[in-house]
Amino acid sequence: MVVAGAIPIHLLAKERKEVYQKKGQPGTRATKKEESREETLGRWQEEWDAAQKGQWTKRLIPRLGPWLGRSQGEVDFFLTQLLTGHGAFRAYLHKMGRARSPMCLHCGDAQDDACHTFFVCERWAGWRRAVEDELGRLQPETLVLKMIESDRNWKRVATFARAVLSEKRMELANQGPASHEGTSSSEED
Ligand SMILES: [Zn+2]
């Protein structure tokens, strides 16, 4: 929901009720709606702070305000994988029962996840460095802030994500059915 920028339904319902209750009170309808929306976002932030799920996304998007208030930036298929950690990552596929091991195929790191892929693994260092030459050092805590700074930055990161994840998807597919179904023992240890 956070990645998609979709306000959870229970918060919207509460907001609607409050807007209704403000009927007859002074102030324009638009102002009241605006106030209620601000309160909604405050509540959403509180829930996000307390959430146990989505730790990786929380690391990337700790504050909802700048993320939801950005003036540009479409979240495509590949950025969604970067931002959620759900995608062409063996740690994720392993959790889903679709890879025999969560380890990185390239460096043997214990967890091939979004953090490892985009910020650490040597396999993608060349591409990562090319982005860093333009945007400065990439870190999970500052990546999204850099992205929403400008359309150019956003697109640069989106291109990076697409390139890396397209390649990873092919690599994972080339390992044959073993990595996807976990039925064969032909995969590496
Ligand atoms: Zn690696």
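Residues numbered from 1 in each chain as written. Predicted model: local features only at pLDDT ≥ 70, side-chain atom pairs only at ≥ 80, totals over all residues. Heavy atoms only, no water.

1. Brief notes about the overall build of the protein
(1) Moving on: In terms of helices and strands, the protein carries eleven helices and zero strands.
(2) Moving on: Start at the N end of the protein and walk to the C end: the helices and strands fall as α-α-α-α-α-α-α-α-α-α-α.
(3) Moving on: In terms of overall size, the protein is more extended than a compact globule, its C-alpha atoms giving a radius of gyration of 20 Å where 189 residues would be expected to give roughly 16 Å.
(4) Moving on: With respect to the principal axes defined by its C-alpha atoms, the protein has extents near 70 × 40 × 20 Å.
(5) Moving on: Looking at the protein as a whole, 41% of its 189 residues are labelled buried.
(6) Moving on: Expressed as a percentage of contacts within the protein between residues at least 6 apart in sequence, the contacts between residues at least 24 apart total 56%. (Helix = DSSP H or I, 4+ residues; strand = E, 2+ residues; numbered from the N terminus. Rg over C-alpha atoms; globule rule 2.2 N^0.38 Å. Buried < 20%, exposed > 50% of the residue type's maximum accessible area, 1.4 Å probe, protein only. Contact = heavy atoms within 4.5 Å.)

2. Here's the deal with the domain arrangement of the protein
(1) Moving on: Domains assigned within the protein are domain 1 (9-51) and domain 2 (67-181).
(2) Moving on: If you average the C-alpha positions of domain 1 and of domain 2, the two centres end up 35 Å apart. (Domains from an automatic or database assignment.)

3. A closer look at the coordination of the zinc ion
(1) Moving on: Within the protein, Cys104 (SG), Cys107 (SG), His116 (NE2) and Cys121 (SG) serve as the donor atoms for the zinc ion, at 2.1 to 2.3 Å.
(2) Moving on: Coordination geometry of the zinc ion: the four donor atoms subtend angles of 97 to 124 degrees at the metal centre, consistent with an arrangement described as tetrahedral.
(3) Moving on: Along the chain, the residues donating to the zinc ion are arranged with the sequence spacing C-x2-C-x8-H-x4-C. Within this pair, whereas Cys104 is found in the loop between α6 (90-95) and α7 (114-120), its partner His116 is found in helix α7, the two being separated by twelve residues in sequence. (Donors = N, O, S within 2.8 Å, 3.2 Å for Na, K, Ca; no water. Tetrahedral: all angles 85-135°; square planar, octahedral: opposite > 155°, others 65-115°.)

4. Let's talk about the packing of aromatic side chains
(1) Moving on: Overall, the coordinates contain six aromatic pairs when judged by the stated rule.
(2) Moving on: With a centroid separation of 5.6 Å and an interplanar angle of 45 degrees, the aromatic rings of Trp124 and Trp127 are classed as tilted.
(3) Moving on: Taken together, Phe89, Phe118 and Phe160 form an aromatic cluster joined through their ring pairs.
(4) Moving on: The aromatic ring of Trp124 is capped on one face by Arg123, whose charged end is 4.2 Å from the ring centroid. (Phe/Tyr/Trp six-rings, centres within 6.5 Å; stacked < 30°, edge-to-face > 60°. Lys NZ or Arg CZ within 6 Å of the ring centre and 35° of its normal.)

5. Some details on the packing of helix α1 (residues 9-21) against helix α2 (residues 29-50)
The geometry of a pair of packed helices is captured by two quantities: the angle between their axes and the separation between those axes.
(1) Moving on: At a closest axis distance of 9 Å, the pairing of α1 and α2 adopts a crossing angle of 150 degrees. With respect to their mutual orientation, α1 and α2 come out roughly antiparallel. As α1 runs across α2, the sense of the crossing is right-handed. Mapping the contact onto sequence places His10, Leu11, Leu12, Lys14, Glu15, Glu18 and Val19 in α1 and Arg29, Lys33, Ser36, Arg37, Glu39, Thr40, Arg43, Trp44 and Glu47 in α2.
(2) Moving on: For the contact of α1 with α2, the class distribution of residues is four nonpolar, three polar and nine charged. (Axes fitted to C-alpha atoms, helices over the stretch in contact; angles between N-to-C directions. Parallel < 35°, antiparallel > 145°, perpendicular 65-115°, else oblique. Left-handed = near helix turned anticlockwise from the far one by under 90°. Nonpolar A, V, L, I, M, F, W, Y, C, P; charged D, E, K, R; others polar.)

6. Re the environment of Gln81
(1) Moving on: Tracing the sequence through the fold places Gln81 in helix α5 (residues 77-84).
(2) Moving on: With relative accessibility at 4%, the residue Gln81 sits in the buried group.
(3) Moving on: C-alpha separation for the pair Gln81 and Arg162, spaced 81 residues apart in sequence, amounts to 9.6 Å.
(4) Moving on: Excluding residues that lie within four positions of it along the chain, Gln81 makes contacts with His86, Gly87, Ala88, Phe89, Ala114 and Leu165.

7. Notes on the environment of Lys32
(1) Moving on: Inspection of the secondary structure assignment puts Lys32 in helix α2.
(2) Moving on: Residues contacting Lys32, with those up to four places away along its chain left out, are Lys22, Lys23, Gly24, Gln25, Pro26 and Gly27.

8. A word on a positive patch on the surface
(1) Moving on: A cluster of basic residues, Arg16, Lys23, Arg29 and Lys33, forms a positive patch on the protein surface.
(2) Moving on: Owing to a relative accessible area of 57%, Lys23 belongs among the exposed residues under this scheme. (Patch = residues over 30% accessible without salt bridge, like charges linked within 9 Å, V, L, I, M, F, W, Y side chains within 5 Å. Areas by Shrake-Rupley, 256 points an atom, 1.4 Å probe, with all protein chains shown as cover. Salt bridge = Lys/Arg side-chain N within 4 Å of Asp/Glu carboxyl O. Lys, Arg positive; Asp, Glu negative; His and termini not counted. Charge placed at Lys NZ, Arg CZ, Asp CG, Glu CD.)

9. Remarks on the pattern of salt bridges
(1) Moving on: Overall, the coordinates contain twelve salt bridges when judged by the stated rule.
(2) Moving on: With a shortest N-O distance of 2.6 Å, Asp112 and Lys168 are connected by a salt bridge. Remark: Lys168 occurs in helix α10 (residues 151-174) and Asp112 occurs in the loop between α6 and α7; sequence separation between them is 56 residues.
(3) Moving on: The exposure class of Asp112 is buried, given its relative accessible area of 3%.
(4) Moving on: We classify Lys168 as buried; its relative accessible area is 4%.
(5) Moving on: Between Arg156 and Glu134 there is a salt bridge, with the nearest N and O atoms lying 2.9 Å from each other. Taken together, the positions of Arg156 in helix α10 and Glu134 in helix α8 (residues 125-135) put the pair 22 residues apart, joining distant regions of the chain.
(6) Moving on: Judged by its relative accessible area of 41%, Glu134 is partly exposed.
(7) Moving on: If you follow the salt bridges from partner to partner, you end up with Glu18, Glu39 and Arg43 in one network.

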